[in-house]
Amino acid sequence: MTLFQGTGVTVRYGAVKALTDVDITLEPGVVHGVIGPNGAGKSTFIDALSGRTRMTSGTVLLEGEDITNRPVGWRRHHGVSRSFQRTSVFNSMTVRTQLEMVAWRNDEPDLDGLMATLGLEPVLDQVCNEIAYGTQRSVDLAMALIGSPRVVLLDEPCAGLVADESVRMLQHVRDLCKDRGVAALLVEHDVDGVFRTCDRITVLNLGTVLASGEPAEIRANPDVVRAYLGSAA
Ligand SMILES: Nc1ncnc2c1ncn2[C@@H]1O[C@H](COP(=O)(O)OP(=O)(O)OP(=O)(O)O)[C@@H](O)[C@H]1O
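Residues numbered from 1 in each chain as written. Predicted model: local features only at pLDDT ≥ 70, side-chain atom pairs only at ≥ 80, totals over all residues.

- By the naming in an unreviewed UniProt entry, the chain goes by ABC transporter and is assigned to Intrasporangium chromatireducens Q5-1.

**Looking at the site of the ligand**
Here is step 1: The local shell around the ligand consists of Y13, V16, A18, G36, N38, G39, A40, G41, K42, S43 and T44.
Here is step 2: Counting residues per element, the ones that place at least two in the shell around the ligand are strand 2 (16-26) and helix 1 (42-50).
Here is step 3: It is helix 1 that provides the largest number of residues to the shell around the ligand, a total of three residues.
Here is step 4: The residue inventory of the shell around the ligand, partitioned by class, reads four nonpolar, six polar and one charged. (Near = placed C-beta within 6 Å. Helix = DSSP H or I, 4+ residues; strand = E, 2+ residues; numbered from the N terminus. Nonpolar A, V, L, I, M, F, W, Y, C, P; charged D, E, K, R; others polar.)

**Describing the sheet that holds strand 2**
Here is step 1: Sheet architecture is open: four strands sit in the order 2-1-4-5, paired in antiparallel fashion. Both outer strands of the open sheet, strand 2 and strand 5 (65-66), are each paired with one neighbouring strand and no more.
Here is step 2: Here strand 1 (residues 4-13) runs beside strand 4 (residues 57-62); their pairing, made up of five bridges, is antiparallel. Across the sheet, Q5 pairs through a bridge with L61, a residue of strand 4. (Pairing = 2+ DSSP bridges.)

**Details of the environment of Y13**
Here is step 1: Take Y13: it is sitting in strand 1.
Here is step 2: Assessed through the 11 C-beta atoms surrounding it within 10 Å, Y13 is described here as exposed.
Here is step 3: As a C-alpha pair, Y13 and M55 span 42 residues in sequence and 9.8 Å in three-dimensional space. (Buried ≥ 20, exposed ≤ 12 C-beta atoms within 10 Å, placed from the backbone.)

**Focus: helix 1**
Here is step 1: The element helix 1 is extensively covered by neighbouring structure, given that eight of its nine residues are classed as buried.
Here is step 2: Positioned one or two residues after helix 1, G51 has a phi angle of 95 degrees, which is positive.

**Side note on the environment of R137**
Here is step 1: Tracing the backbone through its elements, the reader meets R137 in helix 5 (residues 133-145).
Here is step 2: Taking the C-alpha atoms as reference, R137 lies 28 Å from V9; in sequence the two are 128 residues apart.

**With respect to the pairing of strand 4**
Here is step 1: Inspection of the sheet shows strand 4 paired to strand 5 by two bridges, in the antiparallel sense. Its bridge partner lying in strand 5, L62 is registered against E65.
Here is step 2: Between the antiparallel neighbours strand 4 and strand 5 lie two residues, among them E63 with a positive phi of about 45 degrees.

**Some words on the sheet that holds strand 10 (residues 208-213)**
What holds strands together in a sheet is hydrogen bonding between their backbones, with the strands either parallel or antiparallel.
Here is step 1: Pairing is mixed across the open sheet formed by six strands, whose spatial order is 6-7-8-3-9-10. Both outer strands of the open sheet, strand 6 (80-82) and strand 10, are each paired with one neighbouring strand and no more. Direction aside, neighbouring strands of the sheet carry axes that sit 15 degrees apart on average.
Here is step 2: As judged from the five bridges shared by strand 9 (residues 200-205) and strand 10, these two strands associate in the antiparallel manner. Counterpart to N205 in the pairing with strand 10 is T208.
Here is step 3: Running over the sheet, helix 9 (residues 222-229) touches strand 9 and strand 10 and is turned about 125 degrees from strand 10. (Axes fitted to C-alpha atoms, helices over the stretch in contact; angles between N-to-C directions. Contact = placed C-beta atoms within 7 Å.)

**Section: unusual backbone geometry**
Here is step 1: With phi around 60 degrees, D21 is a residue other than glycine that occupies positive phi space.
Here is step 2: Residue position: D21 is located in strand 2.
Here is step 3: You can call D21 partly exposed: it has 13 C-beta atoms within 10 Å.
Here is step 4: Residues other than glycine seldom take positive phi values, yet L206 does so here, at roughly 50 degrees.
Here is step 5: By secondary structure assignment, the location of L206 is in the loop between strand 9 and strand 10.

Rendered as structure tokens:
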């Protein structure tokens, strides 16, 4: 059975058609990228799937159960986690306190392992606003993965990172999702990173699906090249 599914996801902000009839299917251990130009509807899509934004129409299913009207907290508690485009760390708390607090609320079986994988051990006793921005983004990723979520929705985890930090971040996303069998949706502007990291890719344009498939298919799709990839393909 499909783990997580959004069907006909449609969001209007007044007269603005942010998303129209978008479908997605997420499977355990599979990283599904969502790319598209600015304003294509990527953040709105994550907001809708995570319950932060009310959908105008459409359905969200978790293991076949309709969770469309379930609030954010219920979804997190039942295994649907998300990260935000801007870092969401509490600046005056130590990394350790922050992660332990989230782990206490969400029952994480291997916090030490998660922190070690993300290279956070050296900064555990530092307060978050004293650590490098790239490390703060790793704390964000750790927070999204605490509690063994079954589904993780990642909104631009590489925003603001330099090239080699982005490479490391996306490698962590891929490794952790594979190791933990997490179904991941990854919204990211680093297109090369998405092609390297993802098993499947959906391209949004003006709030609709332009194409969806394996990275090689997407890279070769003339509509995607014309509308988005251009000479980067
Ligand atoms: N709260 C809102 N009220 C009105 N319009 C909104 C709101 N949020 C987003 N929009 C509009 O919805 C459309 C999709 O925006 P969204 O932020 O989801 O796109 P995006 O693909 O994530 O863009 P970016 O890559 O710049 O982050 C845009 O036209 C945007 O202006």
